[in-house]
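Structure at a glance
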Amino acid sequence: MFRFQHPVRVRFQDIDVGGHAHHSRALSYFEEARAAYWRKVAGRRSPEEVDYILAEASIRYHARVLYPDRLTVGARISVLGKKHFVMEYEVRSGEGRRLVTGSTTQVMYDYAAGASQRISPELAERIRAHEGPLPARRGS
């Protein structure tokens, strides 16, 4: 279940020669939802407050994303480690059809120091308050 959902409009510029959204656009849809989640759940209101870097992404396409659909992108944190977290995504059409799923791994990062950092207890609590109990990976 995705407690957090974010609306995204398929833009004309998203469409490729095949008449559907280019495969790279799924990452943009994920990013829009992740940024909205980070503002609402983590309380990071501006780009300067983003304190992670993207380490890995995985995408699975289930159906074509068509213009001018209004999508709903579900986002959730499924794993909360010591320095990283995993987000899962589900993109649905305006009619509710599942179009794309995927996940990304983010590493908490101190941009001033140029190094990874631990997830703060305050941030972990905000995430758990929104998501409920989460598994942690060993060695994370």
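See the structure above.
Parameters at a glance
- Residues numbered from 1 in each chain as written.
- Predicted model: local features only at pLDDT ≥ 70, side-chain atom pairs only at ≥ 80, totals over all residues.
- Heavy atoms only, no water.
- Helix = DSSP H or I, 4+ residues; strand = E, 2+ residues; numbered from the N terminus.
- Rg over C-alpha atoms; globule rule 2.2 N^0.38 Å.
- Buried < 20%, exposed > 50% of the residue type's maximum accessible area, 1.4 Å probe, protein only.
- Contact = heavy atoms within 4.5 Å.
- Areas by Shrake-Rupley, 256 points an atom, 1.4 Å probe, with all protein chains shown as cover.
- Lys, Arg positive; Asp, Glu negative; His and termini not counted.
- Charge placed at Lys NZ, Arg CZ, Asp CG, Glu CD.
- Salt bridge = Lys/Arg side-chain N within 4 Å of Asp/Glu carboxyl O.
- Axes fitted to C-alpha atoms, helices over the stretch in contact; angles between N-to-C directions.
- Parallel < 35°, antiparallel > 145°, perpendicular 65-115°, else oblique.
- Nonpolar A, V, L, I, M, F, W, Y, C, P; charged D, E, K, R; others polar.
- Polar contact = N/O pair within 3.5 Å; in protein donor to acceptor, adjacent residues only side chain to side chain.
- Phe/Tyr/Trp six-rings, centres within 6.5 Å; stacked < 30°, edge-to-face > 60°.
- Lys NZ or Arg CZ within 6 Å of the ring centre and 35° of its normal.
- Expected span 1.5 Å × (residues − 1).

Our focus in this paragraph is the overall build of the protein chain. Per the secondary structure count, the protein chain includes two helices and six strands. The linear arrangement of helices and strands in the protein chain, starting from the amino end, is β-α-β-β-β-β-β-α. In terms of overall size, the protein chain behaves like a compact globule, its C-alpha atoms giving a radius of gyration of 16 Å where 140 residues would be expected to give roughly 14 Å. Considering only C-alpha atoms, the protein chain reaches an extent of 45 × 30 × 30 Å along its principal axes. Here the protein chain holds 140 residues, and the buried ones make up 42% of them. Taking the intrachain contacts of the protein chain between residues at least 6 apart in sequence as the baseline, contacts between residues at least 24 apart amount to 66%. Of the roughly 8000 Å² that the protein chain leaves accessible, carbon and sulfur atoms contribute 51%. For the protein chain, the distance from the average position of its 23 positive side-chain charges to the average position of its 16 negative side-chain charges is 5 Å.

To continue, consider the pattern of salt bridges. Under the defined criterion, the tally for this structure stands at seven salt bridges. Across the salt bridge formed by R25 and D14, the nearest N and O atoms sit 2.9 Å from each other. Here R25, found in helix α1 (residues 25-40), pairs with D14, found in the loop between β1 (4-9) and α1; they are 11 residues apart in sequence, far enough to count as distant. Judged by its relative accessible area of 1%, D14 falls in the buried class.

Looking now at the packing of α1 against helix α2 (residues 121-131). The axes of two packed helices give the description: the angle between them and the distance between them. Where α1 contacts α2, the two axes come as close as 11 Å, and the packing angle between them is 105°. Comparing the axis directions of α1 and α2 gives the class roughly perpendicular. Facing α1, whose interface residues are Y37, W38 and K40, α2 presents L123, R126, I127, H130 and E131. Residues that form the contact of α1 with α2 fall into these classes: four nonpolar, one polar and three charged.

Looking at the secondary structure, you find D69 in the loop between β2 (52-61) and β3 (70-80). Here D69 sits buried without a salt bridge, and the closest side chain of opposite charge, R70, lies 7.4 Å off (N-O distance). At 3.1 Å, the side chain of D69 forms a polar contact with the backbone nitrogen of G94. Residues within four places of D69 in sequence aside, it is in contact with V8, R9, V10, S93, G94, E95 and L99.

Turning our attention to the packing of aromatic side chains. Under the criterion given, the structure shown has seven aromatic pairs. Residues Y109 and Y111 carry aromatic rings whose centres are separated by 4.9 Å and whose planes lie at 80° to one another, so their mutual orientation is edge-to-face. One residue, R76, lies across the ring of F2, its end atom 3.9 Å from the ring centre.

Glancing now at unusual backbone geometry. A cis amide bond links Y67 to the next residue, P68, at an omega of 5°. Along the chain, P68 turns up in the loop between β2 and β3.

For the rest of this paragraph, the subject is α1. The terminal C-alpha atoms of α1, which comprises 16 residues, lie 23 Å apart, in line with the 22 Å expected from a rise of 1.5 Å per residue. Here α1 has its buried residues at R25, A26, S28, Y29, F30, A33, R34, A36, Y37 and W38. In this fold, the buried residues of α1 make contact with β1, β2, β3, β4 (84-92), β5 (98-110) and α2.

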